[in-house]
Amino acid sequence: SGYITLDSGFMNTGSCCSSITFLDGEEGILSYRGYGIEDLAENCTFVEVAYLLDHGNLPTREELSKFSQMLGKYAMVHEDMIRFFDGYPPNSPPMAILSSMVNSLCSFYPEMLDNPLENIDKMAARLLSKVRTIAAFSYKKSMGQPLVYPRHDLSYCANFLNMMFDSPVKPYEINDTVVKALNKLLILHGDHEQNCSTATVRVAGSARVNLYASISAGINALWGPLHGGANQAVMEMLTQIHEEGGNYKQFIAKAKDPADPFRLVGFGHRVYKTHDPRARIIKKACDDVLTALNISDPLLDIAKELEEVALKDEYFIARNLYPNVDFYSGIIYRAIGIPTNMFTVMFALGRLPGWIAHWKEMWDDPDWRISRPRQVYVGPKRRPFVPLAERT
Ligand code: CMC
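Residues numbered from 1 in each chain as written. Predicted model: local features only at pLDDT ≥ 70, side-chain atom pairs only at ≥ 80, totals over all residues. Heavy atoms only, no water.

Asks: Account for the layout of surface pockets, naming residues and giving values.
Replies: Of the voids in this model, the second largest pocket is the one considered here, and its volume is about 610 Å³. Forming the walls of the second largest pocket are 33 residues, and the residues nearest its centre are Thr45, Phe46, Ser155, Val179 and Asn183. Elements represented by at least two residues in the lining of the second largest pocket include exactly α1 (37–43), α2 (46–55), α3 (61–73), α8 (156–165), α9 (176–188) and α14 (277–292). If you tally residues by element for the lining of the second largest pocket, the top one is α9, at seven residues. Partitioned by chemical class, the residues of the lining of the second largest pocket number 14 nonpolar, ten polar and nine charged. (1 Å grid on protein atoms, 1.4 Å probe; cavity = no way out; pocket = protein on both sides within 12 Å on 5 of 7 lines; lining within 4 Å. Points joined across faces, edges and corners; volume = space filled by probe spheres on them. Helix = DSSP H or I, 4+ residues; strand = E, 2+ residues; numbered from the N terminus. Nonpolar A, V, L, I, M, F, W, Y, C, P; charged D, E, K, R; others polar.)

Asks: Tell me about the environment of Asn43, residues and numbers included.
Replies: Here Asn43 shows up in helix α1. You can call Asn43 exposed: its relative accessible area is 57%. Separated by 141 residues in the primary sequence, Asn43 and Lys184 have C-alpha atoms spaced 9.1 Å apart. Within the structure, the side chain of Asn43 is placed 3.0 Å from the backbone oxygen of Asp39, a separation counted as a polar contact. (Buried < 20%, exposed > 50% of the residue type's maximum accessible area, 1.4 Å probe, protein only. Polar contact = N/O pair within 3.5 Å; in protein donor to acceptor, adjacent residues only side chain to side chain.)

Asks: Which residues make up the site of the ligand, and what values go with them?
Replies: Surveying the vicinity of the ligand reveals 20 residues, the closest of which are His227, Arg263, Leu264, Gly266 and Arg270. For the ligand, an oxygen atom lies 2.8 Å from a polar atom in the side chain of His227. Between the ligand and Gly228, the relevant distance is 3.4 Å, taken from an oxygen atom to a main-chain nitrogen or oxygen of the residue. Tallied by class, the residues present in the shell around the ligand amount to ten nonpolar, six polar and four charged. (Near = heavy atom within 4 Å.)

Asks: Describe in detail the pattern of salt bridges, supporting the description with residues and values.
Replies: A full pass over the atoms with the stated rule returns 16 salt bridges. Of the charged contacts, one joins Glu307 and Lys283 as a salt bridge, the two residues approaching to 3.2 Å between their closest N and O atoms. In this pair, Glu307 is assigned in helix α15 (residues 298–311) and Lys283 in helix α14, connecting sequence segments 24 residues apart. Residue classification places Glu307 among the buried residues on the basis of a relative accessible area of 7%. Look at Lys283 and you get partly exposed, because its relative accessible area is 27%. A salt bridge links Asp297 to Arg334, with the shortest nitrogen-to-oxygen separation between them at 2.8 Å. (Salt bridge = Lys/Arg side-chain N within 4 Å of Asp/Glu carboxyl O.)

Below is the structure:
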């Protein structure tokens, strides 16, 4: 009954008050808990930023050391969960494996689910640490290589890279450049207010479902090519352009054609109507990392040229379409050896602290209510029932 406001895609509907992330899409400003994303990406580790997002303040040395110890303590996954990997067919989408394994955490670690707010730090550490291990193990399984277990002496990102790439024939020696690049990428994905996956985590959690199940729902939303799946789609698009001779202008023309559903992946954003500040930082990091690793990637050249031409094009100007966070991130991931089908898993790893912070904020909100949007019914009017025997 009453008046219902339709807002398809929630273009202009606020669902909550939040003190986690500030985003100004007109000016291209993004901050976590009041700290500019540029400062955090330049000066912090991902673990510090995860602490900031989930606690509201940057950690002191002592807090950081305690948090890091917890991450070390929870790094293993239950051995029975490792058997899950054997049940999936080869070439299973890594996001399908990740979301089901995260959901399964509630069966393996049920003891804290009844008092989530009292145990949130432990649950957060468990998620941050185990998702990293699950991601690396699923890669090792896909390669047919033995699993490399987490180590206590390595930092969060170095530990991940070691679990991914340690083998008798390593693709490269893990070094500072690679560790810093990974920290930066994860920090830049840390939170982004009410994006599709975070909104999903909140909506699922609003029914009072546990943290692991809510985050599993978020992982599935992130999987979509219009959301986190875009980083993989960008790399596939750039590869296709390269393989077809580098004619990126043809792809721009396709994206502009109203009769063609094709979109230039990695371009456009619901909220940013100017440069995405994350994309600016990642573009620069691309140059730095590739130079430091002495890699020259033709896909980076194509991406830069494509960006330059698109930004001068009337179609993109009129619609305020700029490169987003996904446009350049894949080039760094590729340079550090992460396979394309794992890019969205990397996004999930980075977004975890944001999802956790939002779930906690929602759970603790005195104005919390179950999320239950309304609709405008446009189906048939009430009609007489026809028994099966009389239906024609
Ligand atoms: N290429 C070509 N045209 C586009 C693109 C694009 N990438 N993005 C938007 N447009 C056009 C769209 O066709 C529409 O044109 P018109 O007004 O003539 O119909 C206009 O721009 C507005 O688009 P919209 O679909 O109404 O915008 P939205 O806010 O609903 O969608 C978006 C935002 C990100 C889903 C969209 O820009 C898109 O599909 N981009 C490509 C996928 C992508 O890169 N996603 C990653 C987003 S950022 C990180 C994340 O969320 O994970």
